[in-house]
Amino acid sequence: MKKNFVILASCLLAIFATTFVTSCDKAHSTSKGYTQGLFTVDRNFLRPENSDTFYTVKKDEVASFGLKDGDRAIITLGYDIDNTIGAIGARWFIKSVEEKIPVYALSADADVDKEAFSSAIAGVGPMPLYGSHWMWKGFQNIYVGYYSNGSFGNFKMTPTGMSGDTICLNLYSQIPAGDEPVKQLLTFDIKSVASMLSEEDAARLGKLDSVYTKITTKVEFFNNTGSTIKKTSISGGKYKRTF
């Protein structure tokens with residue numbers, strides 16, 4: 001039986017790990033370990049989500065893993081630390097790339113084919129380390145679960161206006177029918193949102209140092225007798241405006 005995403009998530013969220021020390025070679029006084037998370041590629045620097053730091057890796061490593069400047073991906077980073085020098089001298093290297101996260105542009109609401117993009121998701125998050133949805137550096141992220149034939153769905157996000165200090169967004173889904181549970185992190189670049197708002201709303205946004213976002217989408221709620229589709233709004237926290 002199909003289940004709501006809160007239950008569905010329990011079998012889908014074993015991807016992330018925090019930093020672990022895996023060994024310590026006393027003879028050579030070195031420590032080894034790894035950390036896993038969502039990173040944005042900036043040349044040969046990997047910038048972790050929700051953090052103003054970076055990790056430096058070799059340039060040829062970035063290319064060898066099929067990464068390029070601007071890519072967002074779930075990456076496992078390994079490290080070697082000379083204990084006589086400390087963490088400041090750590091050597092970081094890419095162990096593996098678990099998943100590339102595509103970045104989608106916003107769409108104008110009038111340009112979305114509402115009949116084609118009429119599917120419902122099973123719910124949102126929480127995603128380990130990050131939660132169900134968050135904003136970072138002008139990117140709106142939302143972690144969704146749904147049922148399909150095993151393939152990823154297509155998604156569009158549209159701004160519908162400002163409500164006070166809140167950007168109101170619609171999420172439309174086009175999901176192939178099926179019974180296989182799928183989880184997906186969706187990232188939308190909303191830095192162009194002002195150009196898609198009315199003059200009044202764009203002016204209001206321009207005066208704000210921080211904003212909220214509210215995402216409205218169709219969610220299918222499952223129970224023992226069937227399911228019900230409802231429009232559901234997901235209200236996020238307060239974000240520093242970086243766009």
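Residues numbered from 1 in each chain as written. Predicted model: local features only at pLDDT ≥ 70, side-chain atom pairs only at ≥ 80, totals over all residues. Heavy atoms only, no water.

(A) Looking closely at the overall build of the protein chain. For the protein chain, the count of helices and strands is 3 helices and 15 strands. Here the protein chain holds 243 residues, and 46% of them are scored as buried. When contacts within the protein chain are restricted to residue pairs at least 6 apart in sequence, those whose partners lie at least 24 apart make up 67%. For the protein chain, the exposed area adds up to about 12,400 Å²; of that, 52% sits on carbon and sulfur atoms. (Helix = DSSP H or I, 4+ residues; strand = E, 2+ residues; numbered from the N terminus. Buried < 20%, exposed > 50% of the residue type's maximum accessible area, 1.4 Å probe, protein only. Contact = heavy atoms within 4.5 Å. Areas by Shrake-Rupley, 256 points an atom, 1.4 Å probe, with all protein chains shown as cover.)

(B) View of unusual backbone geometry. Cis peptide bonds are those with omega within 30 degrees of zero, and the linkage from Gly125 to Pro126 qualifies with 0°. Residue placement: Pro126 occurs in the loop between strand E8 (123-124) and strand E9 (133-136). Despite not being glycine, Leu129 shows a phi value in the positive range, around 80°. Considering the arrangement of structural elements, one finds Leu129 in the loop between E8 and E9. By relative accessible area, Leu129 is classed as exposed at 51%. Non-glycine residue Lys137 carries a positive phi angle of around 55°. Its place among the elements puts Lys137 in the loop between E9 and strand E10 (139-148). On the accessibility criterion, Lys137 (43% relative accessible area) is partly exposed.

(C) How the structure looks around the nonpolar core. Ranked by size, the top nonpolar core spans 27 residues in total, and within it Val144, Phe155, Ile167, Leu171, Leu205 and Phe243 carry the most contacts. When residues of this core are traced back to their parent elements, those giving at least two are E10, strand E11 (154-163), strand E12 (166-174), strand E13 (180-189), strand E14 (210-223) and strand E15 (226-240). Beyond its immediate sequence surroundings of up to four residues, Phe243 is in contact with Met135, Gly138, Ile167, Ile190, Lys191, Val193, Leu205 and Val211. Core analysis: the second largest hydrophobic core is formed by 14 residues, Val41, Leu67, Tyr79 and Trp92 among them. (Core = buried A, V, L, I, M, F, W, Y, C linked by side-chain atoms within 4.5 Å.)

(D) Broad picture of the side chain of Asp42. By the secondary structure assignment, Asp42 is in strand E2 (residues 30-42). Polar contacts involving the side chain of Asp42 include one to the side chain of Arg47, which spans 2.9 Å. (Polar contact = N/O pair within 3.5 Å; in protein donor to acceptor, adjacent residues only side chain to side chain.)

(E) Seen up close, the environment of Gly131. Inspection of the secondary structure puts Gly131 in the loop between E8 and E9. The spacing of Gly131 and Ile142 is 11 residues in sequence and 8.6 Å in space, taken between C-alpha atoms. Contact partners of Gly131, with chain neighbours within four places excluded, come to Pro126 and Tyr143.

(F) Local environment of the environment of Gln174. With respect to the helices and strands, Gln174 occurs in strand E12. Separated by 54 residues in the primary sequence, Gln174 and Ala120 place their C-alpha atoms 8.1 Å from one another.

(G) Main features of the sheet that holds E15. Judged by pairing direction, the sheet is mixed, and its 4 strands sit side by side in the order E11-E12-E14-E15 without closing on themselves. The open sheet is flanked by E11 and E15, the only strands paired with a single partner. Each strand of the sheet is rotated relative to its neighbour by a mean of 25°, with strand direction disregarded. Direction of pairing for E14 relative to E15: antiparallel, over a ladder of 13 bridges. (Pairing = 2+ DSSP bridges. Axes fitted to C-alpha atoms, helices over the stretch in contact; angles between N-to-C directions.)

(H) Local environment of the pattern of salt bridges. This model, assessed by the stated rule, comprises 13 salt bridges. Taking the shortest distance from any N to any O, the salt bridge between Asp201 and Arg204 comes out at 3.7 Å. Taken together, the residues Asp201 and Arg204, both in helix H3 (residues 199-206) and 3 residues apart, mark about one turn of the helix. Judged by relative accessible area, which is 12%, Asp201 ranks as buried. (Salt bridge = Lys/Arg side-chain N within 4 Å of Asp/Glu carboxyl O.)

(I) View of the packing of aromatic side chains. Taken as a whole and assessed by the stated rule, the structure comprises 8 aromatic pairs. Between Phe45 and Phe54, the aromatic rings sit 5.1 Å apart at their centres with planes inclined by 65°, giving edge-to-face as the arrangement. When its relative accessible area of 41% is taken as the criterion, Phe54 is described as partly exposed. The interplanar angle of 55° and the centroid separation of 5.2 Å between the aromatic rings of Tyr79 and Trp92 together place this pair among those described as tilted. Note that Tyr79 is positioned in strand E5 (residues 72-82) and Trp92 in strand E6 (residues 91-101), a separation of 13 residues in sequence. (Phe/Tyr/Trp six-rings, centres within 6.5 Å; stacked < 30°, edge-to-face > 60°.)

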